[in-house]
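In case you want the letters, here they are:
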Amino acid sequence: MAKTDIGPPDYKTMLPPVIARNYGKWRYHEIPQPGVLVHTADSGEKLYSVRAGSPRLVSTDHIREICAIAEKYCDGYLRFTSRHNIEFLLADKDKVAPLLAELESKGYPVGGTGHAISNVVHTQGWVHCHTPATDASGPVKALMDEIYDYFTTMKLPNHVRIALACCLNMCGAVHCSDIAILGIHRTVPKVDNTRVPNVCEIPSTVASCPTGAIRGDMKNKTVTVNDEKCMYCGNCYTVCPAMPLADPDNDGISIWVGGKVSNARSAPSFSKLAIPFLPNNPPRWPEVVDAVKNIIEVYASHARKHERVGEWIERVGWERFFSLTGIPFTDKHIDDFDMATESFHSSTLFKWS
Amino acid sequence: MAKRETPLLDQLERGKWPSFVKDMKEAAEKNPMAEDLLGQLELSYKDKIGHWKHGGIVGVKGYGSGVIGRYSDRPDLFPNVQAFHTMRVNHPTGWFYKTDALRRLCDVWDKHGSGLTNMHGSTGDAILLGTTTDHIQPCFDDLTEAGYDLGGSGSALRTPSACVGPGRCEWACVDSLDICYDITMTYQDKMHRPMFPYKFKIKVSGCPNDCVASIARADFAVIGTWKGDIRIDQGEVEAYAASGLDIQKEVCDLCPTKCMEWDGKRLKIDNGDCTRCMHCINLMSKALRQGGERGATILIGGKAPILQGALLSWVIVPFMKLEPPYEELKDLILRIQDWWDEYGKSRERLGELIKRLGMRVFLRAVGLPAVPQMVKAPRTNPYVFFWPEDIKKEVK
């Protein structure tokens, strides 16, 4: 009989000795070059962290290669970041340059620190999810190839956090990202009346709809969908597998901007809709890559130092965001869900764009 | 070389960013499940649609969570991923690893699964992508033998996560790693045996920079903060100025409360006006240190859009001291979960329940006082409820 409820390995057994000795006694840090953090403790000891990009979807052989590198330079100590980067943790300054050289020779991007674009937090997509409206790893790979230099340098006004979720369930903090890439469906679920009675519970299916578009049809032990009220969130499909809504011709991606989670300067905020729809165009999603790159470049050339994307947009105004980026404003940008009116302009204080 | 032709995915091997396709092909060379996964993904790229069915219920003995069932909708073409279940493995807090522990995880997964992983999933777990129903229990047995356990899934406490905290960061106001690990160990039962109305996420950040996005993603967010004056090393401030940092423009002018003054020699902070946003400290970590009394702000209710729209967490305890064994914190978590468990509807997150029943009802139920730090401003509508004891009873 297997042991149960042993919990995760104790993190204290995973800490490099330099961290164990200086735990909670770090004094300050510096970023001498992109991808390298130097933390200095009260004791004067220093910890060198070298941050490298990862595709997040990694094979055991790849993990073993990372382990071998960590064993060669870091006495076998490493960590991963909340944005899926790998961090090699070194106590010996002399090993930093050889580590960087080996990472470069093996094709690991080093960066993601300071005013950079770090790794894209993303979901499973077509690789392993049952509700995706797009793939996750593919668009991220195509995008990161294109904006690679923003990962390995620190030349932006502030850091730009990008996240991708392949449907509205959002397994990731995409709703508070500087730039969010969100997979969306655009057609109503197709109710399979022969399967609903067997695989779905009608009350929970009805309750799953945020807009009240689903009604129970008790006589036929199924449900009906009011097409005009449905905004294709797919939540009904999550509870009732007999209501699929994936549609290769109409699924795609929307782009959201200006969210953040940190409290620095301005309050944490949601991302807002920038582009309602871009097509799924695998394998490299050129429309999505171009759209995100355009937003980054307009931000980079217009924002003031230390302004996050949302802070820049708030300062110049959303009217100016749309004119500067050339993104068309449509009726889809105007909220019509719960609390929609809070986002309407109730003053004459707007710009001519 | 992988045997299947994958002309579309091959195009994602190009470019400088590390390619997941390369990793999939690496795994496919020695694992038929990974090879069929590659084939099915190529088909998705061709068809522009996912090919996974709804998950069935699979798991390990004694647990109701930690394994996500997954089945291919084209088992005729890809028999080796007919069943391809995910196992969520609770990561070591802070995602710290010693390589021998990481190698043990790889060995278990090569023995039982596809050899493909996510390091890590969005909630924080190490995700083991794809194994057959037969292998779930033996894989779990080997995982526990290797020192690992499963994380949460379904209507359970999800794997708690924490920022790097005092392990490396000078800004950690609380021991985010220890708090997270303590909570994880205390609530193993709540993680492994789903008994809640819906998922419940706890995340711990050491400071208001909130590197684990707790405010956006956690039903229960712990964010380190401080009381007392920001400690200034004037010499180091001058050194930053000398090194090219424009203290007036980049620090004082961007301070949201305009509580800082710089005369070219000395930096002054009106700490009473400071809202502890971290901007100045982020820019001058050598010169500025947070105030000496450390604790955390507790916020609750954060979530992604499903069902009634996304929410950012709300302040419910402005300041709580957090020292082991964290009794006050755990007591609050229990009171909140009990209330939610009692009144929450199926698939109703904590924030949505509070929206439905009202914050005043919630506060009274869990025994928290109303304080001005909870709101940006008092209400503007006159639709005010009073409690029965607020009203004078008519004496006849």
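Here, the structure is the one placed above.
Described in the following lines is the structure provided in the data block.

Rules used in this analysis
- Residues numbered from 1 in each chain as written.
- Chains lettered and ligands numbered in written order.
- Predicted model: local features only at pLDDT ≥ 70, side-chain atom pairs only at ≥ 80, totals over all residues.
- Heavy atoms only, no water.
- Salt bridge = Lys/Arg side-chain N within 4 Å of Asp/Glu carboxyl O.
- Buried < 20%, exposed > 50% of the residue type's maximum accessible area, 1.4 Å probe, protein only.
- Contact = heavy atoms within 4.5 Å.
- Buried area = accessible area lost by both parts, 1.4 Å probe.
- Polar contact = N/O pair within 3.5 Å; in protein donor to acceptor, adjacent residues only side chain to side chain.
- Helix = DSSP H or I, 4+ residues; strand = E, 2+ residues; numbered from the N terminus.
- Nonpolar A, V, L, I, M, F, W, Y, C, P; charged D, E, K, R; others polar.
- Pairing = 2+ DSSP bridges.
- Axes fitted to C-alpha atoms, helices over the stretch in contact; angles between N-to-C directions.
- Phe/Tyr/Trp six-rings, centres within 6.5 Å; stacked < 30°, edge-to-face > 60°.
- Lys NZ or Arg CZ within 6 Å of the ring centre and 35° of its normal.

## Let's talk about the pattern of salt bridges
For step 1, the next point in the chain: In this structure the tally under the stated criterion is 38 salt bridges over all chains.
For step 2, the next point in the chain: For Asp10(A), the salt bridge identified is with Lys12(A), shortest N-O distance 3.5 Å.
For step 3, the next point in the chain: Taking relative accessible area as the criterion, Lys12(A) reaches 43% and is therefore assigned partly exposed.
For step 4, the next point in the chain: A network of salt bridges, in which partner residues are shared, links Asp61(A), Arg64(A), Lys30(B), Asp107(B) and Asp110(B).

## Some remarks on the interface of chain B and chain A
For step 1, the next point in the chain: Between chain B and chain A, the residue contacts involve 116 residues of the former and 115 residues of the latter.
For step 2, the next point in the chain: Buried surface at the junction of chain B and chain A, both sides included, amounts to about 10200 Å², of which 60% is carbon and sulfur.
For step 3, the next point in the chain: The tally of links from chain B across to chain A stands at 11 salt bridges.
For step 4, the next point in the chain: With a shortest N-O distance of 3.9 Å, Asp178(B) and Lys12(A) are connected by a salt bridge.
For step 5, the next point in the chain: Linking chain B with chain A are 63 residue pairs in polar contact (both at pLDDT 80 or more).
For step 6, the next point in the chain: No other element matches helix H4 (residues 99–112) of chain B, which puts eight residues into the side of chain B that touches chain A.
For step 7, the next point in the chain: Tallied by class, residues from the side of chain B that touches chain A come to 52 nonpolar, 33 polar and 31 charged.
For step 8, the next point in the chain: Pairing analysis gives three bridges linking strand S5 (residues 77–80) of chain A to strand S5 (residues 96–98) of chain B, with the strands arranged antiparallel. Looking at the pairing, Arg79(A) lines up with Phe96(B) of S5(B).

## Comments concerning the sheet that holds strand S6 (residues 86–90) of chain A
For step 1, the next point in the chain: Taken in spatial order, the six strands line up as S1(A)-S2(A)-S3(A)-S6(A)-S5(A)-S5(B) in an open sheet, and their pairing is antiparallel. The open sheet has two edge strands with one neighbour each: strand S1 (26–33) of chain A together with S5 of chain B. This sheet shows a mean twist of 25° between the axes of neighbouring strands, independent of strand direction.
For step 2, the next point in the chain: Running at roughly 15° to S6(A), helix H2 (residues 60–73) of chain A makes contact with S5 and S6 of chain A of the sheet.
For step 3, the next point in the chain: Together, S1, strand S2 (36–41), strand S3 (46–52) and S6 of chain A form the strand contacts of helix H3 (residues 96–105) of chain A, whose direction differs from that of S3(A) by roughly 5°.

## Quick look at the packing of aromatic side chains
For step 1, the next point in the chain: Tallying each qualifying case throughout the model produces 21 aromatic pairs over all chains.
For step 2, the next point in the chain: Taking 6.5 Å as the distance between ring centres and 40° as the angle between the ring planes, the aromatic pair formed by Trp318(A) and Phe322(A) counts as tilted. Taken together, the residues span about one helical turn, with Trp318(A) and Phe322(A) both in helix H11 (residues 318–325) at a distance of four residues.
For step 3, the next point in the chain: Relative accessible area serves as the criterion here: at 22%, Trp318(A) is assigned to the partly exposed category.
For step 4, the next point in the chain: In this structure Phe322(A) comes out as buried when scored by relative accessible area, which is 9%.
For step 5, the next point in the chain: Each ring, one from Phe350(A) and one from Trp352(A), has its centre 5.3 Å from the other, and the planes form 90°; the classification is edge-to-face.
For step 6, the next point in the chain: With a relative accessible area of 39%, Phe350(A) lands in the partly exposed category.
For step 7, the next point in the chain: Taking relative accessible area as the criterion, Trp352(A) reaches 76% and is therefore assigned exposed.
For step 8, the next point in the chain: An aromatic cluster of at least three residues, connected via ring pairs, comprises Tyr299(A), Trp312(A), Trp318(A), Phe321(A), Phe322(A) and Phe329(A).
For step 9, the next point in the chain: Taking the ring centre of Phe96(B) as reference, the NZ or CZ of Arg79(A) above it sits at 5.4 Å.

## Brief notes about unusual backbone geometry
For residues other than glycine, phi is negative in most cases, and the peptide bonds are mostly trans.
For step 1, the next point in the chain: The step from Met119(B) to His120(B) runs through a cis peptide bond, and the omega angle for that step is 5°.
For step 2, the next point in the chain: Examined against the element boundaries, His120(B) turns out to sit in the loop between strand S6 (116–118) and strand S7 (126–131).
For step 3, the next point in the chain: A cis amide bond, omega 5°, links Pro324(B) with the succeeding residue Pro325(B).
For step 4, the next point in the chain: If you trace the backbone, Pro325(B) turns up in the loop between strand S16 (314–320) and helix H12 (327–343).
For step 5, the next point in the chain: A positive phi angle is found at Arg56(A), which is not glycine, with a value near 70°.

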